[in-house]
Amino acid sequence: MLAAVRSAAVLGIEAYDVTVEVDVAAGLPAWTIVGLASGAVKEARERVTAAIANSGFALPSRRVTVNLSPADVRKDGTAFDLPIALGLLSATGQLDAAALDGLLVAGELGLDGSIRPIRGALPLARSAARSGVRALVLPEGNTAEAMLVTSARLATAPTLRALVDALRAGALPPAVSPPVRSGTPPDALDFADVIGQPVAKRALEIAAAGSHNVLLVGPPGAGKTMLARRLPGILPALDEAALLEVVAVHSVGGLLPPGTYPSRTPPFRAPHHTISMAGLIGGGPGPRPGEVSLAHRGVLFLDEMLELPRHVLDAMRQPLEDGRVVIARAAQAVAYPARFQLIGACNPCPCGKSGDPNAICSCSAADIERYGARLSGPLADRIDLHAHVGAVALSALGAVNTEERSESVRARVEAARERQRARYASLTGTQTNADVPGRWLLAHGGITTSARLVLEQAADRLHLSARGYHRALRVARTIADLDGADDVPDAAVAEALRFRNRGAA
Ligand SMILES: Nc1ncnc2c1ncn2[C@@H]1O[C@H](COP(=O)(O)OP(=O)(O)OP(=O)(O)O)[C@@H](O)[C@H]1O
Ligand SMILES: [Mg+2]
Ligand SMILES: [Zn+2]
């Protein structure tokens, strides 16, 4: 007997339809899975047979053939376990085929028959909503993310037994709606903890307001790590569209722990500098999104950035420019979104003391040059704000704390973002000043003739590239947005250029 169950697989962050056909025929007991299945899919046999037996259903001692179609796309992961099991129960007459009509099913099975969470449930929910299925059957651990797609009809059950019992009774056990966590996490670190460092704080405020990239350079113990970790506390919460994008990538990356509700806090990823190329950019078997994609619509913090091998750093150039990563594979290329904000921190030289008036740097000129060269010109060009973080006077640390709290900085950032939202409302793909095409900004962004003149003169003097020119313009636009100004004044351009000019700020 033949049964067919509708399922789906994920490529990048998009799902495509897969039909799981199960045929049970006379012959010696044997299992075959065909249709470009990976090792994880082939292991479904062990999980499915154990789950069926341990759920009190009968196992056929006949020949079982599972076909995943279309057969020309590679299938990976464990999400076909549940559709295979349902197909097998239907093909052996233990479940009416009509009960499976119009369902899209995905889920991993435990040997005990429990239904376990899968990666990529949100893309599945999107695809199910688009193609209008009767219901999408998902593991309980995945329903919180899938519910972000409000038009998808969801059903869930804790075990294979419970699901089949419900289907036999003609029922679809509904999923219960969870709330979406909102706002800034209560444990967000506060900028008021950082004494002094007005230049670095200003750079981070501008960066937060316009989604620009920042590099904090300074001696050990100056507070670079402290400052960078406080950036999330001044970022606005994700809007509806960004939340869906972020959850989709995290879902595919297997980063949503079951039972936790998607949060509106922008992602903050801080990988160690020993991270591999695949870990940072994405790839590997599967493949999986890398840190640049997990930081999509949020922050990628690279502490001790110059400790990363140069070829790994340089691999970020493409995503920094395009906002996405394309991973070439033998069968087909996979794309992940990667519109992140880069925050780097590094020392100015190997000993860390170069440029510090109160310390003696023990590095040779050649050492310092080699160290600086770890950051390639093209990558440095993509960093909008270079801020020097000097050592703070120890006497300042004991004084009464009069530093501004993150909450009031965030209010300014949110107001600046609101201005950007209004300005770019009709410009698809542009949300912040960091995304706006340079030509558009020059024509419609309130750049006065005199501000343009200041920029053009400086461009010659500082040997700005065309990219550097447009990037400085975007930062100037953000500075004006923080001031609530419609036009970009000369002073905003001058400040943007000071931050661009390496070491000068
Ligand atoms: N500006 C500051 N205000 C308050 N505390 C500070 C400041 N700068 C440094 N500190 C203290 O010093 C510690 C080290 O700071 P942090 O780790 O941010 O330095 P860093 O610049 O990242 O150094 P490294 O280059 O060694 O990584 C902090 O945990 C904090 O206790
Ligand atoms: Mg540090
Ligand atoms: Zn040194």
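Residues numbered from 1 in each chain as written. Chains lettered and ligands numbered in written order. Predicted model: local features only at pLDDT ≥ 70, side-chain atom pairs only at ≥ 80, totals over all residues.

1. Overview of the environment of Gly56
Reasoning step 1: Along the chain, the position of Gly56 falls in the loop between helix H2 (44–54) and strand S4 (63–69).
Reasoning step 2: Separated by 105 residues in the primary sequence, Gly56 and Arg161 place their C-alpha atoms 7.8 Å from one another. (Helix = DSSP H or I, 4+ residues; strand = E, 2+ residues; numbered from the N terminus.)

2. Some words on the sheet that holds strand S18 (residues 385–388)
Reasoning step 1: One open sheet accounts for five strands, arranged S11-S14-S17-S10-S18; its pairing is parallel. Across the chains shown, the open sheet's two edge strands, defined by having one partner strand only, are strand S11 (268–269) and S18.
Reasoning step 2: Bridge count for S11 against strand S14 (residues 299–302) is two bridges, and the pairing is parallel. Residue Arg269 lies in a different strand from S14, and its bridge partner there is Leu300.
Reasoning step 3: Docked against the sheet, helix H7 (residues 198–210) engages strand S10 (214–217), strand S17 (341–346) and S18, running at close to 160 degrees with respect to S18. (Pairing = 2+ DSSP bridges. Contact = placed C-beta atoms within 7 Å. Axes fitted to C-alpha atoms, helices over the stretch in contact; angles between N-to-C directions.)

3. Details of the domain arrangement of the protein chain
Reasoning step 1: Partitioning the protein chain into structural domains gives domain 1 (2–168) and domain 2 (191–426).
Reasoning step 2: Relative to domain 2, the C-alpha centre of domain 1 lies at a distance of 40 Å.
Reasoning step 3: Between domain 1 and domain 2, the contact holds 16 residues from the first and 19 residues from the second.
Reasoning step 4: Of the residues forming the side of domain 1 that touches domain 2, the biggest block, three residues, is contributed by helix H4 (residues 121–131). (Domains from an automatic or database assignment.)

4. Concerning the site of ligand 1
Reasoning step 1: Residues in close proximity to ligand 1 total 17 residues, the closest being Pro220, Gly223, Lys224, Thr225 and Met226.
Reasoning step 2: With three residues, helix H8 (residues 224–229) is the largest single contributor of residues to the shell around ligand 1.
Reasoning step 3: Broken down by class, the residue content of the shell around ligand 1 amounts to eight nonpolar, eight polar and one charged. (Near = placed C-beta within 6 Å. Nonpolar A, V, L, I, M, F, W, Y, C, P; charged D, E, K, R; others polar.)

5. Brief notes about the pairing of strand S1 (residues 2–11)
Reasoning step 1: Counting buried positions along S1 gives eight out of ten residues, so the element sits mostly inside the fold.
Reasoning step 2: Of the strand pairs in this sheet, S1 and strand S2 (residues 14–25) are connected by ten bridges, and their pairing is antiparallel. Residue pairing in the sheet places Ala8 in a bridge with Asp17 of S2.
Reasoning step 3: Taking the residues that link successive antiparallel strands as the turn, the S1-S2 hairpin has two residues, and the phi of Gly12 there is positive, at about 65 degrees. (Buried ≥ 20, exposed ≤ 12 C-beta atoms within 10 Å, placed from the backbone.)

6. Re the packing of helix H17 (residues 406–423) against helix H20 (residues 466–482)
Reasoning step 1: Packing of H17 against H20 leaves a shortest axis separation of 8 Å and a crossing angle of 115 degrees. When the axes of H17 and H20 are compared, the crossing they make is right-handed. Of the residues in H20, those in contact with Arg412, Ala416, Arg419 and Gln420 of H17 are Thr478, Asp481 and Leu482.
Reasoning step 2: When its residues are assigned to classes, the contact of H17 with H20 shows two nonpolar, two polar and three charged. (Left-handed = near helix turned anticlockwise from the far one by under 90°.)

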